[in-house]
There are 2 protein chains.
Amino acid sequence: MTTLDEAVRTICQRARHAARKLAPRSRADKDTALHAIAQALEDHAQRILRANAADLEAARERGTKGAMLDRLMLDESRLAAVAASVRQIAALADPVGEVITRATRPNGLRIARVRVPVGVIAMIYEARPNVTVEASALTLKAGNAVVLRGGSEAARSNAVLAEVFVAAAKSVGLPGDAVQVLPFTDRDGVRALVQQSEFVDLAIPRGGEALIRFVTDNARVPVVQHYKGVCHMFLDTGVDLAMAERIVMNAKMQRPGVCNALECLLVDANDALRLLPPIAKALLAAGCEIRGDERARELVPAVKPASTEDWGHEFLDAVLAVRVVDGLDAALAHIADYGSGHTEAILTPSEGNAERFRREVDAACVVVNASTRFHDGGEFGLGAEIGIATSRLHWRGPMGLESLTTMKWIVDGEGQIRT
Amino acid sequence: MTTLDEAVRTICQRARHAARKLAPRSRADKDTALHAIAQALEDHAQRILRANAADLEAARERGTKGAMLDRLMLDESRLAAVAASVRQIAALADPVGEVITRATRPNGLRIARVRVPVGVIAMIYEARPNVTVEASALTLKAGNAVVLRGGSEAARSNAVLAEVFVAAAKSVGLPGDAVQVLPFTDRDGVRALVQQSEFVDLAIPRGGEALIRFVTDNARVPVVQHYKGVCHMFLDTGVDLAMAERIVMNAKMQRPGVCNALECLLVDANDALRLLPPIAKALLAAGCEIRGDERARELVPAVKPASTEDWGHEFLDAVLAVRVVDGLDAALAHIADYGSGHTEAILTPSEGNAERFRREVDAACVVVNASTRFHDGGEFGLGAEIGIATSRLHWRGPMGLESLTTMKWIVDGEGQIRT
């Protein structure tokens, strides 16, 4: 074992011990800690912002600018929002101990399946320092220990944030090792972390596709992925034009840079002449570039030709791929070929087609007659989320508190034996 | 890519296509197929038994005998039991489409979380050919495609069983590729199978620790493990002696070779003088070897000295490790150090100690005042099971139909957009 592996192993072993101590703690204990943490973030605002200013300065010297720099930046109001989100997490119901199923067997045994913490979670993410606090608060509330591997750009901010977080948690009697920052921000550190199968129960990578692929390829622990959102919307024959225009504009243009934004519009050939020209006009007027197939370009000459790379592409920008398809079957086939399993939508007046779409599309979220932008933990009423999972196993979609728990079977008897 | 990798990839890709076709099929379609399959197993009994006889003959020539040979063996009555279990699976409720949670948001959106099939499952197992049918029937009922990698010893039996299964499924219109047998039974075949992350959603290895370790170390797909069951039982002060003796005898001796059999008895020092001698006497009289620590041997001279390897050991035989411990805290510490997360039990008259045990022990199943042998899908009322998962993620404990599903979020609106 290398020195790095040994150091990472020691951190994860400490996390396992902390997880054991944390798992049976009451909701009141965890919420008291979260309120103390929110208060500490406010009390130590100047220290945190000084560390963040040093991260920003170093990033500027390396030539970082624009959106990247903005993601790294904390200020008084962003820090206040982080503290507020910690208090919101304290206000959420505690999933631990919740009874999922309960039955009494003919022999009198009472068998319950209850929610328990997952254990030790490895959170691997990139620039934004608010994730350091919000992910830690969510994992703590669900009774888990977390090992954080943030981006090197935010190393100073993350170190101070975690220090403030841990000091506040310890001040009310929670184990300090429940939140630890991995001091190795490079790929070797990530690799060592996701191979600690003895101590780490779940890895959650959030970031670019290369990071997620690296984690998946190297992990010896379960991974819940947050891959890209290549979201499609199918406009079925007969759909109300005003509704379709409103929803397409919202799904594509309200916030083009997020994973639940629309990337590809599929229009039924039977009704494309009525639907596509006015919707394309509205998109173009709003500054959206449209890349379409031949049939779309015949209907709307301002549409640029799409290349094969535009299908299944996550633009994260004011760019939309458009394809005219022969009905629902062709739309389903396109989505099966090019979707990323994130969010897929149909706008239709036909309940029959809606039901086929709900049943046959394989994605974390299927939307009927609404915007793809609703696929979000807050919009679903889950409270805060740690991301939107595109994996199939363990959890799918917005990862709120429940997704950070697993189950335990409890059998209660009065002396029963098996015959 | 090697030829092997390409061949395995093609099989898994076909499984993915079959899974897509199978996922939206109704319960009636799947149950019709299961009844046809049960009938076909009976109709083709002679062919199946001839293939099994050839496997048995080859195994005998290699020197296989005893329990191993018995596990491999099919006869008319075992085959009838397999057909009956397929009909029992048909009788189980279909988990697919079940609504897990449902809510209407303030904006009128209706948000449901429903169960859907996992997709493609890779089942990796060893000798017993009945698993070929039972695992396929369970995965089919939950709407999944399966790729089976059975042991080479049962290759002829498995090939005929799968052929009969698939022909019956196809005869009633289900996709034939829903069940495929991997023709590569060596480790390279397993490795190639569990690396098909594009097509395989879940690997379930069942067998020896070396096989499970190999799958875990080589997988690029999620794995639900079925590790060993090192089951402990703690006898608390004041427990009724007759109940304790009855339960210990049942847990250890009813079927010592299974994963939910007792392997280590922990006795509270405060009451060991009353409890241990009579229970040890009953165990010894029944032919059980006892290996104990110094304090146990002081109370019962016939107890052999335990070595450190006896703690945390899965004997799978009429052998029991016994340790006298200082109260509940010491028992919890022993279980945390040596338990395998399978089944842990406490026998106690104290509800306070029972509750601490339920909360603080980290295992798939915690049992209070009953035998560890109840940790079983049938005993829990789940119907058939594909195994007992000791993993924490996705599922824990008996894997019935529900464990072979995942979730999908369905959002229904009337034109809502996000503001």
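Residues numbered from 1 in each chain as written. Chains lettered and ligands numbered in written order. Predicted model: local features only at pLDDT ≥ 70, side-chain atom pairs only at ≥ 80, totals over all residues. Heavy atoms only, no water.

1. Topic: the overall build of chain A
For chain A, the count of helices and strands is 14 helices and 16 strands. Computed over its C-alpha atoms, the radius of gyration of chain A comes to 24 Å, within 12% of the 22 Å expected for a compact globule of 419 residues. The proportion of buried residues among the 419 residues of chain A is 57%. Restricting the contact set of chain A to residue pairs at least 6 apart, pairs at least 24 apart contribute 73%. Split by element, the accessible area of chain A, about 15600 Å² in all, is 50% carbon and sulfur. (Helix = DSSP H or I, 4+ residues; strand = E, 2+ residues; numbered from the N terminus. Rg over C-alpha atoms; globule rule 2.2 N^0.38 Å. Buried < 20%, exposed > 50% of the residue type's maximum accessible area, 1.4 Å probe, protein only. Contact = heavy atoms within 4.5 Å. Areas by Shrake-Rupley, 256 points an atom, 1.4 Å probe, with all protein chains shown as cover.)

2. Looking at the interface of chain A and chain B
Contacts between the two partners involve 70 residues from chain A and, on the opposite side, 70 residues from chain B. Taking both partners together, chain A and chain B bury about 6100 Å²; carbon and sulfur atoms supply 51% of that area. The largest per-residue losses of area from chain A upon contact with chain B belong to Leu393, Trp409 and Arg418 of chain A, which jointly make up 15% of the total buried on that side. Linking chain A to chain B there are ten salt bridges. Among the salt bridges present, the one from Asp201 of chain A reaches Arg392 of chain B, with a minimum N-O distance of 2.5 Å. Between chain A and chain B we count 57 residue pairs in polar contact (both at pLDDT 80 or more) in total. Those elements giving two or more residues to the side of chain A that touches chain B turn out to be helix H1 (3–22), strand S2 (110–117), helix H9 (209–218), helix H10 (241–253), helix H14 (351–360), strand S13 (365–370), strand S15 (397–398) and strand S16 (405–416) of chain A. Considered class by class, the residues forming the side of chain A that touches chain B number 29 nonpolar, 18 polar and 23 charged. Relative to strand S13 (residues 365–370) of chain B, S16 of chain A runs parallel, the two sharing five bridges. When the sheet's bridge partners are listed, Ile410 of chain A is paired in S13 of chain B with Val366 of chain B. (Buried area = accessible area lost by both parts, 1.4 Å probe. Salt bridge = Lys/Arg side-chain N within 4 Å of Asp/Glu carboxyl O. Polar contact = N/O pair within 3.5 Å; in protein donor to acceptor, adjacent residues only side chain to side chain. Nonpolar A, V, L, I, M, F, W, Y, C, P; charged D, E, K, R; others polar. Pairing = 2+ DSSP bridges.)

3. Some points on the sheet that holds strand S5 (residues 179–181) of chain A
For sheets, the rule is that strands pair by backbone hydrogen bonds, running either parallel or antiparallel. Residue and element names in this part refer to chain A. Read from one edge of the open sheet, four strands run S5-S4-S3-S6, paired in parallel fashion. The sheet is open, and its two borders are formed by S5 and strand S6 (202–205), each paired with just one other strand. Taken over all neighbouring pairs, the strand axes of this sheet differ in orientation by 20° on average, direction set aside. (Axes fitted to C-alpha atoms, helices over the stretch in contact; angles between N-to-C directions.)

4. Here's the deal with the pairing of strand S7 (residues 231–235) of chain B
The side chains of a regular strand alternate, residue by residue, between the two faces of the sheet. Residues and elements named next belong to chain B. For S7, the tally of buried residues reaches five of five residues, placing the bulk of the element in the interior. Side chains Cys231, Met233 and Leu235 of S7 all project onto a buried face; the interleaved residues His232 and Phe234 project onto the opposite face, where all are buried too. Pairing of S7 with strand S8 (residues 262–268), which is carried by five bridges, proceeds in the parallel orientation. Among the inter-strand pairings, Phe234 is bridged to a residue of S8, identified as Leu266. You can see the chain leave S7, run along helix H10 (residues 241–253) and come back into S8, and the turn it takes is right-handed. (Right-handed = clockwise from strand over helix to strand, strands pointing away.)

5. Brief notes about the confidence of the model for chain A
Within chain A, residue pLDDT values average 96, and 100% of them lie at 70 or more. Predicted as a complex, the structure gets a pTM of 0.93 and an ipTM equal to 0.94. (pLDDT = per-residue confidence, 0-100.)

6. Examining the pairing of strand S1 (residues 99–104) of chain A
Residue and element names in this part refer to chain A. Strand direction decides the pairing type here: S1 and S2, joined by five bridges, are antiparallel. Following the sheet pairing, Arg102 is matched in S2 by Ala112. Here S1 folds back onto S2, and the loop between the two strands holds five residues, one of which, Gly108, carries a positive phi near 90°.

7. Here we look at helix H8 (residues 187–194) of chain B
Taken together, the buried positions of H8 of chain B are Gly189, Val190, Ala192, Leu193 and Val194 of chain B. Buried-residue contacts for H8 of chain B involve helix H1 (3–22), strand S3 (120–124), strand S4 (145–149), strand S6 (202–205) and helix H9 (209–218) of chain B.

8. A word on the sheet that holds S6 of chain B
All names here are of chain B. Spatially, four strands are ordered S5-S4-S3-S6 in an open sheet, and the strand pairing comes out parallel. Looking at strand neighbours, the two that pair on one side only are strand S5 (179–181) and S6, the edges of this open sheet. In this sheet, adjacent strand axes meet at a mean angle of 20° when their direction is disregarded. With four bridges joining them, S3 and S6 adopt parallel strand pairing.

9. Some details on the nonpolar core
A general trend in soluble globular proteins is that nonpolar side chains are found buried together. Within the largest apolar cluster, 114 residues are counted, with the highest numbers of intra-cluster contacts made by Ile37, Leu41, Met123, Leu140, Met233, Leu235 and Leu265 of chain A. For Leu235 of chain A, the residues in contact, after removing those within four places along its chain, are Ala244, Val248, Leu265, Leu266, Val267, Asp268, Leu275, Ile279 and Leu347 of chain A. (Core = buried A, V, L, I, M, F, W, Y, C linked by side-chain atoms within 4.5 Å.)

10. Quick look at empty space enclosed by the protein
All told, the structure shown has one cavity of 30 Å³ or more when counted by the stated rule. By volume, the largest cavity amounts to about 100 Å³. Looking at the lining of the largest cavity residue by residue, the classes come out as nine nonpolar, two polar and no charged. (1 Å grid on protein atoms, 1.4 Å probe; cavity = no way out; pocket = protein on both sides within 12 Å on 5 of 7 lines; lining within 4 Å. Points joined across faces, edges and corners; volume = space filled by probe spheres on them.)

11. A closer look at the relation of the copies chain A and chain B
Aligned on chain B, chain A shows an RMSD of 0.0 Å; the corresponding rotation is 180° and the shift along the axis is 0.0 Å. Such a turn and shift between the copies fits a two-fold axis. Residues of chain A ranked by C-alpha distance from the rotation axis are headed by His394 of chain A, positioned 1.8 Å from it. Counting the interface residues of chain A, we find that 100% of their copies in chain B are interface residues as well, pointing to one common contact surface. (Least-squares fit on C-alpha atoms with pLDDT ≥ 70 in both.)

12. Examining the environment of Cys365 of chain A
Turning to its location among the elements, Cys365 of chain A is positioned in strand S13. Assessed through its relative accessible area of 0%, Cys365 of chain A is described here as buried.

13. A look at the packing of helix H2 (residues 27–43) of chain B against helix H5 (residues 76–91) of chain B
Residues and elements named next belong to chain B. In the contact formed by H2 and H5, the axes pass within 9 Å of each other and the chain directions differ by 170°. In terms of orientation, H2 and H5 fall into the roughly antiparallel class. In this structure, H2 uses Arg27, Asp31, Leu34, His35, Ile37, Ala38, Gln39, Leu41 and Glu42 to contact H5, whose residues at the interface are Leu79, Val82, Ala83, Val86, Arg87, Ile89, Ala90 and Ala91. Grouping the amino acids of the contact of H2 with H5 by side-chain chemistry returns eleven nonpolar, two polar and four charged. (Parallel < 35°, antiparallel > 145°, perpendicular 65-115°, else oblique.)

14. Comments concerning the pattern of salt bridges
Counted by the stated rule, this structure contains 70 salt bridges over all chains. With a shortest N-O distance of 3.0 Å, Arg25 of chain A and Asp29 of chain A are connected by a salt bridge. Its relative accessible area of 25% is what places Arg25 of chain A among the partly exposed residues. On the basis of relative accessible area, Asp29 of chain A is assigned to the partly exposed category, the value being 29%. For Asp412 of chain A, the salt bridge identified is with Arg358 of chain B, shortest N-O distance 2.7 Å.

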